[in-house]
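# Remarks on the overall topology
Each chain, written out:
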Amino acid sequence: MQRIIKTILPVRRYCCGSFSSYKCFSASVQSIYDFQEEVLVEGRANSRAAILNRPSALNALTTSTAARLNRLYESWEENLDIGFVIMKGSGRAFCSGADIVSLFRLLNEGNVEECKRFFGTLYKFIYLLGTYLKPHVAILDGITMGCGAAISLPGMFRVVTDKTVFAMPEAQIGFHPDAGASFYLSRLPGYLGEYLALTGEKLNGGEMIACGLATHYTSNERLGLMEERLANLITDDPSVVENSLAHYGELVYPDKRSILHKIETVDKCFSHDTVEEIIGALENEVPNSFDEWCKTALKKLKGASPLSLKVTLQSIREGRFQTLDQCLAREYRTSLNVMSRRITNDFCEGIRARVVDKDFAPKWDPLNLGEVSDDMVGSYFSRLDEYEPELELPTTVREPFV
């Protein structure tokens, strides 16, 4: 058995200037060692593994995390001695999404530029992953939410376990499913993507397999055996990697209470053109429902930011007809508009209510769906102003495979 050699790769440079001038998601200045610690590296026979390493923050993403991933993946793609790449998380999460508390603090400090830098850096990495030339294995063992899912889904293989919990809860905090979410959610069966994006409801590993979000399933107990087999591979052939994943894979089916067994009703309710019509359809369905899922969905919808719900629905609908790079570019504009707070402060209010103060009583503005105008929604899909740069992606040299 070949031993796995764990190494911490050095950071050669910082794309945002010298270390002394680099600002990350922290009130205090971090050392270069701290930046490296956010993403550890395992050197293997013919592969590399990137390990998200902020377990106390459920591996939430920061600007420095996304920048380090970019540098590592670019260097690994160019290295002929590396056949494939693995990504996983430390602790009980793969990745819980963006470090929203840090974004909240940055906005309250008036540091919008650092927020922009975060989204630009993150979205560029997602496009890199969506166009990656080598096989990629993401091991989603644990919490996988928001843009934490986005840094895995564009890759070739996504392994889930009995510990996996997937969700897109952005509308519940006054944001929108971003980082390519409008691309992959819009391509799920029927209108399941709209359901997940608007309600923020969870899927488990088996459900992710069934709807196509994941490619392989194994139990958490057998995951170590799968990783050991991958560590000993010397190949760049996707079929060889897939066979190794399948060797420890298990057949799994959605539980009888799974939302996937109600897909016809989901399509009936969430296929409507407006959020108001979706809510109306759910209310009409409640008397005919034999379980609580309709009531739960209604509760989630009525507790979310009204403006975020309408922006989210339009984003998913537009994403159905766009490429990955087009979705990322549009979502970047929307994210910057959210950060500007020129229409509403719902993002900061949502984080305050659900994460910071935890009173779970956000004061949304506008307060209800009827007060959300078409102009408000439309403004989130336009540039902040004529001088605001768009997201620049290398589409002429890197064409997405997804």
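Summarised in this report is the structure supplied together with it. (Residues numbered from 1 in each chain as written. Predicted model: local features only at pLDDT ≥ 70, side-chain atom pairs only at ≥ 80, totals over all residues. Heavy atoms only, no water.)

### What to know about empty space enclosed by the protein
Basically, it comes down to this: With a 1 Å grid spanning the protein atoms alone, the term cavity applies to any set of points in which a 1.4 Å probe fits but cannot get out, the term pocket to an open set with protein on both sides within 12 Å along at least five of seven lines, and the term lining residue to any residue with an atom within 4 Å of a point. Grid points are joined across faces, edges and corners, and a volume is the space filled by probe spheres set on the points. Numbering of helices and strands runs from the N terminus; a helix is a DSSP stretch of H or I covering at least four residues, while a strand is a stretch of E covering at least two. Under the scheme applied here, ten amino acids are nonpolar (Ala, Val, Leu, Ile, Met, Phe, Trp, Tyr, Cys and Pro), four are charged (Asp, Glu, Lys and Arg), and all others, including Gly, are polar.
Under the criterion given, the structure shown has 2 cavities of 30 Å³ or more. The computed volume of the largest cavity comes to approximately 110 Å³. Lining the largest cavity are 17 residues, with Gly 174, Ser 308, Val 338, Thr 344 and Tyr 380 sitting closest to its centre. For the lining of the largest cavity, the secondary structure elements donating two or more residues are helix 14 (306-319), helix 15 (324-340) and helix 16 (346-356). Of the residues contributing to the lining of the largest cavity, the split by class is 8 nonpolar, 7 polar and 2 charged. Looking at the second largest cavity, its volume works out to about 40 Å³. Looking at the second largest cavity, the residues that line it are Tyr 332, Arg 333, Leu 336, Asn 337, Ser 382, Arg 383, Leu 384, Glu 388, Pro 389 and Glu 390. Each residue belonging to the lining of the second largest cavity can be placed in one class, and the counts come to 4 nonpolar, 2 polar and 4 charged.

### Here we look at the packing of aromatic side chains
Note the following rule: We call Phe, Tyr and Trp rings a pair once their centres come within 6.5 Å, taking the six-membered ring for Trp, and we label the pair stacked below 30 degrees between planes, edge-to-face above 60, and tilted otherwise. Exposure is judged per residue with a 1.4 Å probe applied to protein chains only, and the accessible area is read against the type maximum: over 50% gives exposed, under 20% gives buried, and values in between give partly exposed. Both a distance and an angle decide whether a charge sits over a ring: NZ of Lys or CZ of Arg must be within 6 Å of the ring centre and within 35 degrees of the ring normal.
According to the stated counting rule, one finds 10 aromatic pairs in the structure shown. Ring centres of Tyr 73 and Trp 76 lie 5.5 Å apart, and the angle between their planes is 45°; this geometry places the pair in the tilted category. Residue Tyr 73 and its partner Trp 76 are both found in helix 2 (residues 63-78); the two are separated by 3 residues, about one turn of the helix. We classify Tyr 73 as buried; its relative accessible area is 0%. Trp 76 sits in the buried class, given a relative accessible area of 2%. Consider the rings of Tyr 73 and Phe 125, whose centres lie 5.0 Å apart with planes at 90°: the pair is edge-to-face. With Tyr 73 in helix 2 and Phe 125 in helix 4 (residues 112-130), this residue pair connects regions lying 52 residues apart in the sequence. Within the aromatic cluster, the residues linked to one another by ring pairs are Phe 118, Phe 119, Tyr 123, Phe 175, Tyr 332 and Phe 347. Directly above the aromatic system of Phe 183 lies the positively charged group of Arg 187, at a separation of 3.9 Å from the ring centroid.

### Some points on the environment of Val 397
Mapped onto the elements, Val 397 comes out in the segment after helix 17 (374-379). A C-alpha to C-alpha distance of 9.7 Å links Val 397 and Thr 131, two positions 266 residues apart in sequence.

### Focus on the pattern of salt bridges
Formally: By definition here, a salt bridge exists when the distance from a side-chain nitrogen of Lys or Arg to a carboxyl oxygen of Asp or Glu is within 4 Å.
On inspection of all chains with the given rule, the structure shows 21 salt bridges. Close ionic contact of Glu 388 with Lys 116 constitutes a salt bridge, the shortest N to O distance being 3.0 Å. Taken together, the residues span a long stretch of sequence, with Glu 388 in the segment after helix 17 and Lys 116 in helix 4 at a distance of 272 residues. Accessibility classification places Glu 388 together with Lys 116 in one group, the buried group. For the salt bridge of Arg 352 with Asp 357, the shortest nitrogen-to-oxygen distance reads 3.0 Å. Look at Arg 352 and you get buried, because its relative accessible area is 16%.

On their own, these measurements won't tell you what the molecule is for.
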